[in-house]
Amino acid sequence: MDDDTTHQENNNHEPEWYRTLVEEVNDLATVVDTDGTITYVSPAITRILGYDPGELVGHEGFEFVHPEDRERNADALESVLSNPSGSETVEVRFRHANGSWRWIEATMRNRVDDDIIDGILLSSRDITERKEYEREARELAEEYEAVLNSVEDAIFLMNVEEDGDGVRFEFERLSPSYERQTGITTEEVQGQTPQAVFGEEQGAELAANYHRCVKAGEPISYQEELLVSEGARFWQTKLAPVVSDGEITRLVGVTRNVTERVERERQLRQQNERLGEFASVISHDLRSPLNVAQGRAALLAEQGESEHLDPLLQALDRMEAIVEDTLTLARQGDTISETESVSLTNLVGKCWATVDTGEATIDIVDEMTFQADPDRLRHVFENLFRNAVEHGGSDVTVRVGRHNELGIYVEDNGPGIPVEKRDEVFEPGHSSAQGGTGFGLTIVKRIVEAHGWELSVADGTDGGARFEFEMSEQGEFV
């Protein structure tokens, strides 16, 4: 057999070979003529779009394309027809046999002059899942941008790069809030390490926390010192790793400027230290001579009568009360770290029994149990009961119960506290009762705040004074 005969036989088998290939591959093969009429569609159409090939042959492809995508599809077809050697790829929605729309990516090639195909060949695949993923990613990116641009807390993104046996951290992006609070911009730090941005010492401290987060493989929280301006020095930071294919590729940091809070805490510690020193002086240097004076005054009263003795003894007793209240005030303001379950009924009963209440009555409206320091709360209720009797009279009625969801109230039916004086009553030394030290309600406020609660004054149910404790979640009822 000569070569020409062999070549002719091979040519005769080419259409069958092409058809077998097209019918077996996963992609959808379609041929349309220059008018867009479908002349051939491979069996993959059934798997991809649910049609039998015969249902499409003889129809214009535009019939099955989403109206919003037809112009884009027509432009691609026209471009291919005008360029015999060119190709165009277009993404359109194609109607499925069940009536839904599927995204199809079609690559068009001009094969009009091909003896076998004689038309426009479209190689298509279903990209609906990819388009859905792209849509979700786009929405997520939009949400991410919205969060990044709107939150008040400063946000920073760090890339985690492999660096020999370790990792290297590089700034990727800063939120607008971060830029506003620090004066540092993304353009200035992008691609740079913490050491390059903040210097070797501070940068190394920052990087140490980043390494700690990577090693832990989970979010961490910490307070750090990073001086970027006079008003921004201390930061409360939460750092979280981003994992991709099992590897940490990025760190997301959310940080808040807590400089004012740290400075207030520092001032408060200094004040407490000074108050402690003052209390020590009172306790040792003032109490001893006071006790001597009280003892000598009592001896004088036994030895003889004098119109000056009673005022002297009263003045010394008042001094002793001031010393006791001052020491209580100094010792009760510290933050409470240990609590226990407290029964309101039991606590109120004990406190009421220790106060000289005369003919006054106590009404415990609600029974409840909550977490608190009972020893310190005794000062609270004793002072409030004493205050009610001093201002409301010996026949006053005091009521105790639940305030809102997380709280307690103590109220009486006495004269009440005018609105304009409700802030003053908590100031040290303020007293409207004869012989009062002026520290009673100050002590109440300090102990309530030491629990992390809030204290306010309102009108009582019967017009008297009402003190309300709003508890935090830590002090919630059990």
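Here, the structure is the one placed above.
Below, the structure is looked at part by part.

Thresholds applied
Residues numbered from 1 in each chain as written. Predicted model: local features only at pLDDT ≥ 70, side-chain atom pairs only at ≥ 80, totals over all residues. Heavy atoms only, no water. Patch = residues over 30% accessible without salt bridge, like charges linked within 9 Å, V, L, I, M, F, W, Y side chains within 5 Å. Areas by Shrake-Rupley, 256 points an atom, 1.4 Å probe, with all protein chains shown as cover. Salt bridge = Lys/Arg side-chain N within 4 Å of Asp/Glu carboxyl O. Lys, Arg positive; Asp, Glu negative; His and termini not counted. Charge placed at Lys NZ, Arg CZ, Asp CG, Glu CD. Helix = DSSP H or I, 4+ residues; strand = E, 2+ residues; numbered from the N terminus. Buried < 20%, exposed > 50% of the residue type's maximum accessible area, 1.4 Å probe, protein only. Phe/Tyr/Trp six-rings, centres within 6.5 Å; stacked < 30°, edge-to-face > 60°. Expected span 1.5 Å × (residues − 1). Arc of directions from axis to C-beta. Contact = heavy atoms within 4.5 Å. Polar contact = N/O pair within 3.5 Å; in protein donor to acceptor, adjacent residues only side chain to side chain.

### Here's the deal with a negative patch on the surface
- Together, Glu 161, Glu 162, Asp 163, Asp 245 and Glu 247 make up a negatively charged patch on the protein surface.
- The element that contributes the greatest number of residues to the negative patch is strand S6 (residues 154-163), accounting for three residues.
- Note that Glu 247 resides in strand S10 (residues 247-257).
- By relative accessible area, which is 47% here, Glu 247 ends up partly exposed.

### So, the packing of aromatic side chains
- Evaluation of the coordinates by the stated rule reveals 10 aromatic pairs.
- With a centroid separation of 5.5 Å and an interplanar angle of 70°, the aromatic rings of Phe 169 and Tyr 210 are classed as edge-to-face. Here Phe 169 is found in strand S7 (residues 166-174), whereas its partner Tyr 210 is found in helix H9 (residues 200-216), with 41 residues between them in sequence. Exposure class is identical for Phe 169 and Tyr 210. Each is buried.
- Among the aromatic residues, those joined into a cluster by ring pairs are Phe 156, Phe 169, Tyr 178 and Tyr 210.

### Regarding H9
- The first and last C-alpha atoms of H9 sit 24 Å apart over 17 residues, in line with the 24 Å expected at 1.5 Å per residue.
- Residues of H9 that are buried: Gly 203, Leu 206, Ala 207, Asn 209, Tyr 210 and Cys 213. Across the axial projection of H9, the buried residues extend over an arc of 155°, all falling on one side. Exposed side of H9, more than 90 degrees from the buried face: Glu 200, Glu 201 and Lys 215 are the residues found there.
- Each element contacted by the buried residues of H9 is listed here: S6, S7, helix H8 (194-198), strand S8 (220-229), strand S9 (232-244) and S10.
- Gly 217 occupies a position one or two residues after H9 and carries a positive phi of about 70°.

### Re unusual backbone geometry
- Unusually for a residue other than glycine, Asp 118 sits at a positive phi of about 55°.
- Residue placement: Asp 118 occurs in the loop between strand S4 (101-111) and strand S5 (119-126).
- A positive phi angle is found at Asp 245, which is not glycine, with a value near 55°.
- Checked against the element boundaries, Asp 245 lands in the loop between S9 and S10.

### Points about the environment of Ser 221
- Among the secondary structure elements, Ser 221 is positioned in strand S8.
- On the basis of relative accessible area, Ser 221 is assigned to the partly exposed category, the value being 49%.
- Considering only alpha carbons, one finds Ser 221 and Val 254, 33 residues apart in sequence, at a separation of 9.5 Å.
- Once you skip the residues sitting within four places of it in the chain, Ser 221 turns out to touch Thr 237 and Lys 238.

### Observations concerning the environment of Leu 309
- With respect to the helices and strands, the residue Leu 309 is situated in helix H11 (residues 309-332).
- Taking the relative accessible area as the measure of exposure, Leu 309 reaches 11% and is therefore buried.
- Beyond its immediate chain neighbours, meaning those up to four positions away, Leu 309 contacts Ala 297, Leu 300, Ala 301 and Gly 304.

### Notes on the side chain of Glu 411
- For Glu 411, the location among the structural elements is in strand S15 (residues 407-412).
- The buried category is assigned to Glu 411, whose relative accessible area is 2%.
- Of note is the side chain of Glu 411, whose polar atom sits 2.6 Å from the side chain of Arg 399.
- Within the structure, the side chain of Glu 411 is placed 2.8 Å from the side chain of Thr 461, a separation counted as a polar contact.
- With near-sequence residues (within four places) excluded, Glu 411 lies in contact with Thr 397, Val 398, Arg 399, Gly 460, Thr 461, Ala 465 and Arg 466.

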